[in-house]
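# Structural description and commentary
Listed below are the residues making up each chain.
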Amino acid sequence: MKVSIIIALVTMATFSSLSCKAQVEKTLKPKLENISWISGQWKGEAFGGQVEENWSKPSGGSMMATFKLINNNAVSFYEIEIIREIENTLILQLKHFNNDLTGWETKDETVDFPLKEITANKVVFEGMSFEKISNNEMNVYVDIHKKNGSIETVKFNYTK
């Protein structure tokens, strides 16, 4: 009887382990077509206001986006973002602008997010990631560096 119980437990543990491994998402190649699901007109709420992020479809080796935050019926700031293929990987780069288009970064400076991993439903850059919930919903997670040295991860929930 004890042998049967031990065999049953070992069998269950083996199948459980295999099941968990099957659930691990396959890593995809760093190609824009593997993240084309990001394209579209997205809206949500963050930073106490309404946010809009509009991503183009891949073309010319890149994807481009505009972002704006609206608080109290006025634009607080804008961003221009790109994801481009360079040297067999992807990089996300962006620039911030005040509501009068004066830049936050210097003329030749960008905020860069190197690619870490792509799966069927997630794109992870260092400091920013995109998660596909459905064809009409995604979450974007952004690491915000505070003046005191801490990092706060802000979640943007978007719908089309």
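Residues numbered from 1 in each chain as written. Predicted model: local features only at pLDDT ≥ 70, side-chain atom pairs only at ≥ 80, totals over all residues. Heavy atoms only, no water.

### A look at the sheet that holds strand β8 (residues 128-134)
Around the barrel, which closes on itself, the ten strands sit in the order β1-β2-β3-β4-β5-β6-β7-β8-β9-β10 with antiparallel pairing between neighbours. Between one strand axis and the next, the sheet turns by 25° as a mean value, whatever way the strands run. As paired strands, β8 and strand β9 (residues 137-145) are joined by six bridges and run antiparallel to one another. In the strand pairing of β9, serine 134 is matched with glutamate 137. (Pairing = 2+ DSSP bridges. Helix = DSSP H or I, 4+ residues; strand = E, 2+ residues; numbered from the N terminus. Axes fitted to C-alpha atoms, helices over the stretch in contact; angles between N-to-C directions.)

### Some points on the pairing of strand β3 (residues 62-71)
Residues of β3 alternate between two faces, with Met63, Ala65, Phe67, Leu69 and Asn71 buried on one and Ser62, Met64, Thr66, Lys68 and Ile70 left unburied on the opposite face. Bridge count for β3 against strand β4 (residues 74-86) is ten bridges, and the pairing is antiparallel. Looking at β4, one finds that leucine 69 is bridged to phenylalanine 77. As consecutive antiparallel partners, β3 and β4 are separated by two residues, and within that stretch asparagine 72 has a phi angle of approximately 50°, a positive value. (Buried < 20%, exposed > 50% of the residue type's maximum accessible area, 1.4 Å probe, protein only.)

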